[in-house]
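For reference, the chains in residue letters:
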Amino acid sequence: METLKIKKVAPTKKQPKMRISGAEAIIHCLLAEGVDLLYGYPGGAIMPVYDELYRFQDKLTHILARHEQGATHAAQGYARVTGKVGVAMATSGPGATNLVTGLADAQIDSTPIVCITGQVARHLLGSDAFQETDIIGISTPVTKWNIQVTQASEIPEALAKAFYIARSGRPGPVLVDITKNAQFDKFDFSYEKCTYVRSYNPYPTPNNKAIEAAAELINSAKKPFIVWGQGIILGKAEKQLKALVEKAGIPAAWTIMGVSALDTNHPLNVGMVGMHGNYGPNILTNECDLLIAIGMRFDDRVTGNLDTYAKQAKIIHFEIDPAEINKNVHADVAVLGNSKDTLELLLPHIKENHHEAWQTIFKEKYKIEFDTVIKDDIHPTKPGLTMGEVIEEINIASGNKAVIVSDVGQHQMIACRYAKFNQTKSNITSGGLGTMGFALPAAIGAKMGAMEREVVAIIGDGGYQMTIQELGIIMQHQVPVKIVVLNNDHLGMVRQWQELFFEKRYASTVMVNPDFVKIAEGYSIEAKRVSERKDLKKTIEEMMASDKPYFLEVKVEQEDNVFPMIPSGASVSDIRLK
């Protein structure tokens, strides 16, 4: 087994000219961009680059994923926890196509990653050569930008542009496809970081009139309500959000991508909006007189039926991407720009306020939800273990400091509802695409990006088996990530819908699972299983105290549902508590 040591490389702005191969140039480009870690899987069309990686292994750490999809999710986890660009690499054909799910996930969740793929030699393009596929055509809908490089001399400019586009403005994934001849050919290499692309304006200039109009609406509102998303985290605007909330006394709720930007226990943090969000924020969306959306895109899982969404309210939309303005919800005032910049400009115009009566209504709604749902989720009286009490014990054992990583399903909604956070960049999940299999490799990437933090993957028994092979990374490098599988022997979220809307016809959702503990032990990972409440607390404490990889399977109630719930296509006002 290897002990993981990631080399730290200081990025350089410009490299002197030297005559090298395209493959070596790729390594120098990565080093110039400050890349210290990348994930990938070798193959014929990318082999020249791997040969150079072997020579440069003292400067650049490569992690061998067990599947290319795992490499992209690990790069996402690394990017989300560090704020840097994650990097993944694969060969042509199936290697490249296996990246597509990760690219799509990163695109919709605005995660900056650069994927480098090998390609057949230029003279073979279009000939259906062995392991040739049109990855540019395939990946165009799911990347922020992509490019095929067929000459070695094109590599530096393409990669410089790739990193700039991936990290700037609203971040996203970029793919660079490089033919094998371009990797072998030599040229006079020099590198200069990209700071400008014609016709690409990643940072819109804030409009002062829009700022003033927004302030006027906020200052005159009687029932203002903030909903923030990941734009706060990506824009590094956590302090500005907190200042606005506190100065104006406005209740604030979050989308699942925005959670952790404001301390979960802050008195004006009123919880999560959306399909399985908190009762008060959802109901009161349709009672506020001003909805202030910051760095969120009005996703359908947040809005429910658009015909009934916040029709009584004026709407202010703070957003960096002009394409999101008026896409789903009409904004009375649109404020374009990075959230940190626009909120900084807004704050001097905001009058101090408290809105105590309005805040009290949120507290009343929370009490209703606590008595009906939350109490039984985290302090159950029934004999079977609940997912909520597992998350609560992790909160206690970690002091609310853990990075929680999830993919999609009941476990994700429970984790987002009940995990508590007191620092930013602490919730890493597959939001827009809802990718089963995301959590395990993303947790590995997150831990490698923040070795000083405790990283806990919360996974369902279904999604876990989609990328279970990435336990190989943990074994090889002894990555001290904690893995918790909430096992209800079902595809839980689909089963919940079948129970509620399909008369309990559990079509293909019952899981016959393997012995997860034995599998983890086969990868030399300490593993335990808990099925009784008396063992839960001490086992989680043991897991959190360990400085090694740890796997915990928790057998939870098979037919436990996640509430509240807004039925698909219903109004946020139609949220169900049971």
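- The name an unreviewed UniProt entry gives the protein is Acetolactate synthase, with Pricia antarctica as the organism.
- Taken verbatim from the UniProt record of the protein, the Catalytic activity (unreviewed entry) comment is "2 pyruvate + H(+) = (2S)-2-acetolactate + CO2".

A look at unusual backbone geometry
Here is step 1: Here the amide bond leading from Phe563 into Pro564 is cis, since omega sits at 0 degrees, within 30 degrees of zero.
Here is step 2: For Asn326, which is not glycine, the phi dihedral falls at a positive 65 degrees.
Here is step 3: Within the secondary structure, Asn326 sits in the loop between strand 13 (314–319) and strand 14 (333–336).
Here is step 4: Phi is positive for Gln478, close to 50 degrees, though the residue is something other than glycine.
Here is step 5: Assignment of secondary structure puts Gln478 in the loop between helix 20 (471–477) and strand 18 (482–487).

Details of the environment of Phe563
Here is step 1: With respect to the helices and strands, the residue Phe563 is situated in the segment after strand 20 (550–555).
Here is step 2: For Phe563, a relative accessible area of 12% puts it in the buried group.
Here is step 3: Between the alpha carbons of Phe563 and Arg576 there is a distance of 7.1 Å; along the sequence they are 13 residues apart.

Describing the pattern of salt bridges
Here is step 1: Inspection of every chain in the model, using the stated rule, returns 28 salt bridges.
Here is step 2: As a salt-bridge pair, Lys327 and Glu324 come within 3.0 Å of each other at their nearest N and O atoms.
Here is step 3: A salt bridge links Asp515 to Arg529; its shortest N-O distance comes to 2.7 Å. Placement of the pair is Asp515 in the loop between helix 21 (492–501) and helix 22 (516–522) and Arg529 in strand 19 (residues 526–530), with a sequence separation of 14 residues.
Here is step 4: Here Asp515 falls in the partly exposed class, since its relative accessible area comes to 29%.
Here is step 5: According to the relative accessible area criterion, Arg529 is partly exposed, its value standing at 42%.

Remarks on the nonpolar core
The nonpolar side chains of a soluble globular protein tend to be buried, and buried together.
Here is step 1: Counting 96 residues, the largest nonpolar core has Phe225, Ile294, Leu346 and Val484 as its most contacted members.
Here is step 2: Core analysis: the next-biggest nonpolar cluster, separate from the first, contains 52 residues, Ala74, Leu103, Ala450 and Ile525 among them.

Focus on the UniProt feature "domain: Thiamine pyrophosphate enzyme N-terminal TPP-binding" (unreviewed entry) in the protein
Here is step 1: UniProt records the feature "domain: Thiamine pyrophosphate enzyme N-terminal TPP-binding" (unreviewed entry) for residues 21–136 in the present numbering.
Here is step 2: For residues 21–136, helix accounts for 43% and strand for 18%, while the C-alpha atoms at its two ends are 23 Å apart.

Focus on the packing of helix 9 (residues 208–220) against helix 14 (residues 339–346)
Each pair of packed helices can be summarised by the angle the axes make with each other and by the distance between the axes.
Here is step 1: Where helix 9 meets helix 14, the axes come as close as 9 Å, and the angle between the chain directions of the two elements is 65 degrees. You can see that helix 9 and helix 14 cross each other, and the crossing is right-handed. Residue-level contacts link Ile211, Ala214, Ala215 and Ile218 of helix 9 to Thr342, Leu345 and Leu346 of helix 14.

Calculation notes
- Residues numbered from 1 in each chain as written.
- Predicted model: local features only at pLDDT ≥ 70, side-chain atom pairs only at ≥ 80, totals over all residues.
- Heavy atoms only, no water.
- UniProt positions renumbered as here; feature names shortened; annotations may be inferred.
- Helix = DSSP H or I, 4+ residues; strand = E, 2+ residues; numbered from the N terminus.
- Buried < 20%, exposed > 50% of the residue type's maximum accessible area, 1.4 Å probe, protein only.
- Salt bridge = Lys/Arg side-chain N within 4 Å of Asp/Glu carboxyl O.
- Core = buried A, V, L, I, M, F, W, Y, C linked by side-chain atoms within 4.5 Å.
- Axes fitted to C-alpha atoms, helices over the stretch in contact; angles between N-to-C directions.
- Left-handed = near helix turned anticlockwise from the far one by under 90°.
- Contact = heavy atoms within 4.5 Å.

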